Amino acid sequence: MNDEMIKTDRVITQSQADTLAALLSHIIPASQDGRMPAATDIEFESYVASIEPNFAAELPSALDYLAFVAGSKMRFEALTDAAQQAAIEQSQQKLNKFYSILTPIVFACYYQNEKVLEGLGLESRAPFPKGNDVELGDLSLLDPVRTRGPIWRQSDEG
Amino acid sequence: MVNKTVDVLIIGAGASGAAAAWSLADTGMHIMCMEQGDWAQQSDYPSNTKDWEVRRHKEMSASPNVRQMKSDYPINDQDSPISVVNYNGVGGSTVLYAAHFPRLHPSDFKVNSLDGVAEDWPIDYFQLEPYYQLNDKNIGVSGLDGDPAYPDKQLPLPPIPMGKMGNVIGAGFNKLGWHWWPSDAAIISQPYEGRDRCINLGPCISGCSQGAKSSADVTYWPMAIRAGVELKTGCRVREITVDDQGMATGVIYYDEQGQEQEQKAEVVIVACNGVGTPRLLLNSKSKLFPDGLANSSGLVGKNLMMHPWNHMEGFFEPGLDSHLGPQGSCVLSQQFYESDATRDFDRGYGIQVTRGSAPVATAINGYNRGDIPWGDGHHDAFKKYFGTNIAVGVCAEDLPELHNCVTLDPEMTDSDGIAAPKINYRLSENSLKMLAHGRARSRELLEAAGATQINDYGQIRYAGWHLLGTARMGRDPATSVVNEWGRSHDVKNLFIVDGSIFVTSAAGNPTTTIQALALYIADTMKKNLANLFD
Ligand SMILES: Cc1cc2nc3c(=O)[nH]c(=O)nc-3n(C[C@H](O)[C@H](O)[C@H](O)COP(=O)(O)OP(=O)(O)OC[C@H]3O[C@@H](n4cnc5c(N)ncnc54)[C@H](O)[C@@H]3O)c2cc1C
């Protein structure tokens, strides 16, 4: 086992976790008004481990490669936003598929998170049993449709 | 092991099998239904948990090839631009259906006489009307009376809510002077027969946790079982057996443990849907029926119709809350439903307006389109696209064509080793022209309603919801598989009641008609009990 592993159920090392955190906040940073958390703040690592275990297994090598591309002197998480973006773009050729799978997983994790839903003004809950109120709609808008009369075709028409 | 002979054996506990079982129960006969799947549990549906948006695409995916439950059989759809979706369990595909419930029109039964295409049905709208009505009452259907697209009809319950999006799209339709109407839905808008009303959970197509969606497992099955029908789950029928006189004698099936069993029956009714039924008949080969059972016309499996579907969505100003409400039912326009000689295609289509997307789907779809980025612009973009979209689907009438078919795959099997179905399907020139017309009208509609952005996704793949035509009804045994009341021309004690008996597809969701047909066939059987096999 790698010495850097900090928890037995973790799939990544601490330095990989630092790269991941920076990548996540690059994908979804906190909103400026502070209402929406960054994607760093949504327990992504445990989500991936439990919901997408196959993808979790791909994380270490992808994060290592991103860190490698970022450069030997500066760690990915220490780069400016623009430099992070440059590193991500540079890693695209090799990690294109990884990013295309990562993004929907991050978004799924993010938009099911309690803090996020509350930030959007939504309740963080299952749809059942409370359900939702939906207005009937204005049925008087159908008056012109009624006025035009029947539009079905008589079947004895030639 | 051979079990005791039953009077009637129904294969398949979906929309049609359930309706037929209920109707026949009052004969006092011993009626058994065999279903390969189990009961679905409302408490297991995704909308019981916060992660419902992810779960709905996994264990409750509508594709059997993705879902891969024990009761599912694989479907080879590589040679089709449309993939089949279904559910295999008590209630059949209604467990997942959107419950949009438009009837056929009178003209749909007369397409050859009126338009010179395909074949007329051997029955007409007005013969089926009392069964539409009975079905609406039995299961609980909601809608607004007075729709000028139909002969007069009354539904038992008031419409489900259109929401704010209904006002916006309705105004768009009005600007264009087009027909539109709140959708008829097999969803109860008020408490009905011991079930509580719809509370707008949203994801009807991953199962209704409230039980307000009128799927066959919560409507017909409790009634049929109370009336004495025996429902055996976990029984996968491999073939229908016949005697030397060419009469059906029962079935060979695999029980839950995968053990081969035999069940004898006086009458066999097939209700396995437009793919499962031809599969079973083609798998039922014998000396007398070397090309499959009931197939002297060669039409078993042919003429598959699935309703090609164009999907477009428009985005509007915030405040629409379009993500709320029963997902697949909002508004239906039948402006382009009836034939029109000035158009460059035969027959017509429906425009089905459905709800917007929940948060996860909004973010992922927005990213895939390039509208919701990584980084600083993410939050503003999400707000712009969340709860603001309205979906517009074009449901095109699919005319019967021999080459669109269900056959047996030479290699693929289900977990019991039974040959799986293979779909060969092409969109016809007529369908392509119809879809092009529908796309242009969908765009016009969204523009008229004030959409700020429109995305056209074209004809979509996972739209094989409606499985029709593969054992069609008719008076002539040379050109049809069953007669005008669902009895096989070749095997006098074999009936088919599911969507495979449709002669043409019409341009709307078929289940109200499938169930009306099943009730009509069961009723006709009851009226003819004394000479059922003459
Ligand atoms: C996601 C989705 C959305 C839909 N939305 C709508 C909608 O809005 N409106 C609408 O009208 N329709 C809709 N449909 C279609 C609708 O569900 C079907 O038209 C209807 O259920 C078909 O009824 P059926 O009796 O022909 O077959 P099904 O309801 O599919 O039932 C067939 C049953 O037979 C069983 N079976 C098959 N083979 C065997 C065998 N060999 N042995 C034992 N059992 C077997 C199956 O397990 C299944 O339970 C939708 C379907 C899906 C999947």
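All values derive from a computational prediction rather than experimental measurement. (Residues numbered from 1 in each chain as written. Chains lettered and ligands numbered in written order. Predicted model: local features only at pLDDT ≥ 70, side-chain atom pairs only at ≥ 80, totals over all residues. Heavy atoms only, no water.)

S.K.: Sorry, what's going on with the overall build of chain A here?
M.R.: The secondary structure content of chain A amounts to seven helices and zero strands. A globule of 158 residues ought to have a C-alpha radius of gyration of about 15 Å, yet chain A, at 24 Å, is considerably larger. Considering only C-alpha atoms, chain A reaches an extent of 80 × 40 × 30 Å along its principal axes. In chain A, which comprises 158 residues, the proportion classed as buried is 43%. Within chain A, contacts between residues separated by at least 24 positions form 61% of all contacts whose residues are at least 6 apart in sequence. With the model as given, the accessible surface of chain A reaches about 8,600 Å², and the carbon-plus-sulfur share is 51%. The average position of the 13 basic charges and that of the 23 acidic charges among the side chains of chain A differ by 2 Å. (Helix = DSSP H or I, 4+ residues; strand = E, 2+ residues; numbered from the N terminus. Rg over C-alpha atoms; globule rule 2.2 N^0.38 Å. Buried < 20%, exposed > 50% of the residue type's maximum accessible area, 1.4 Å probe, protein only. Contact = heavy atoms within 4.5 Å. Areas by Shrake-Rupley, 256 points an atom, 1.4 Å probe, with all protein chains shown as cover. Lys, Arg positive; Asp, Glu negative; His and termini not counted. Charge placed at Lys NZ, Arg CZ, Asp CG, Glu CD.)

S.K.: How should I be thinking about the overall build of chain B in this particular structure?
M.R.: In terms of regular secondary structure, chain B is built from 12 helices and 16 strands. The C-alpha atoms of chain B give a radius of gyration of 22 Å, which matches the 24 Å a tight globule of 534 residues would have. Dimensions of chain B, computed from the C-alpha atoms along their principal axes, are close to 75 × 50 × 45 Å. When burial is assessed residue by residue, chain B has 66% of its 534 residues classed as buried.

S.K.: Looking at this model, I keep getting lost on the pattern of salt bridges. Mind explaining?
M.R.: Evaluated as defined, the whole model comprises 31 salt bridges over all chains. In this structure, B:R279 and B:D414 form a salt bridge, with 2.8 Å as the shortest nitrogen-oxygen distance. Here B:R279 is found in helix α8 (residues 273-283), whereas its partner B:D414 is found in the loop between β13 (405-413) and β14 (419-424), with 135 residues between them in sequence. Judged by its relative accessible area of 6%, B:R279 is buried. Using a relative accessible area of 5% as the deciding quantity, one classes B:D414 as buried. Taking the shortest distance from any N to any O, the salt bridge between B:R369 and B:D371 comes out at 2.7 Å. Bridged by salt links that share partners, the residues A:R153, B:D108, B:D115, B:R347 and B:E397 form one connected network. (Salt bridge = Lys/Arg side-chain N within 4 Å of Asp/Glu carboxyl O.)

S.K.: Help me understand the nonpolar core in this model?
M.R.: Taken as a class, soluble globular proteins show a tendency for nonpolar side chains to be buried jointly. The biggest cluster of nonpolar side chains holds 98 residues, and the ones touching the most others in it are B:W121, B:W221, B:I240, B:I269, B:L494, B:L517 and B:M525. The element that contributes the greatest number of residues to this core is helix α12 (residues 511-527) of chain B, accounting for nine residues. Sequence-distant contacts of B:W121, that is, excluding residues within four places in its chain, are made with B:L104, B:D108, B:F109, B:M473, B:F502, B:V503, B:T504 and B:L517. By size, the runner-up hydrophobic cluster in this structure holds 49 residues, among which are A:L23, A:F44, A:F76 and B:I372. (Core = buried A, V, L, I, M, F, W, Y, C linked by side-chain atoms within 4.5 Å.)

S.K.: Explanation requested: unusual backbone geometry in the structure shown.
M.R.: What you tend to see is this: most non-glycine residues have negative phi, and most peptide bonds are trans. With an omega of 10 degrees, the peptide bond running from A:F128 to A:P129 counts as cis. The backbone phi angle of B:N273 is positive, close to 80 degrees, even though this residue is not glycine. Its location among the elements puts B:N273 in helix α8. Here B:N273 falls in the buried class, since its relative accessible area comes to 18%. A positive phi angle is found at B:N303, which is not glycine, with a value near 65 degrees. Following the sequence through the fold, B:N303 ends up in the loop between α8 and β9 (309-315). The buried category is assigned to B:N303, whose relative accessible area is 4%.

S.K.: For this particular structure, what's the right way to read helix α1 (residues 14-27) of chain A?
M.R.: At 3.6 residues per turn, the α-helix brings residues three or four places apart onto the same side. Taking 1.5 Å of rise per residue, the 14 residues of α1(A) would be expected to cover 20 Å, and the 20 Å separating its terminal C-alpha atoms lies within 8% of that figure. Considering only its buried residues, α1(A) is in contact with α2 (44-51), α4 (59-70) and α5 (81-110) of chain A. (Expected span 1.5 Å × (residues − 1).)

S.K.: How do you make sense of the packing of aromatic side chains when you look at a structure like this?
M.R.: Centre distance and the angle of the planes are the two values used to describe a pair of aromatic rings. Under the definition given, this model contains 24 aromatic pairs over all chains. Relative to A:F68, the ring of A:Y65 has its centre 6.0 Å away and its plane inclined at 35 degrees; by these criteria the two rings are tilted. Here A:Y65 pairs with A:F68, and both are found in helix α4, just three residues apart, close to one helical turn. Look at A:Y65 and you get partly exposed, because its relative accessible area is 22%. Ring centres of B:F173 and B:W180 lie 6.3 Å apart, and the angle between their planes is 10 degrees; this geometry places the pair in the stacked category. (Phe/Tyr/Trp six-rings, centres within 6.5 Å; stacked < 30°, edge-to-face > 60°.)

S.K.: I would appreciate a short explanation of the site of the ligand in the present structure.
M.R.: Residues and elements named next belong to chain B. In the neighbourhood of the ligand, 36 residues make up the surrounding shell, with S16, E35, S93, H100 and T511 lying closest. One of the side-chain N or O atoms of N88 is found 3.2 Å from an oxygen atom in the ligand. Interatomic distance of 3.0 Å between a backbone N/O atom of V237 and a nitrogen atom of the ligand. Calculation on the ligand without its partners gives an accessible area of 990 Å², and the protein chains cover 97% of this total. Of all the secondary-structure elements, those providing two or more residues to the shell around the ligand are α1 (15-25), β6 (236-242) and α12. Residues belonging to the shell around the ligand are distributed by class as follows: 17 nonpolar, 16 polar and three charged. (Near = heavy atom within 4 Å. Polar contact = N/O pair within 3.5 Å; in protein donor to acceptor, adjacent residues only side chain to side chain. Nonpolar A, V, L, I, M, F, W, Y, C, P; charged D, E, K, R; others polar.)

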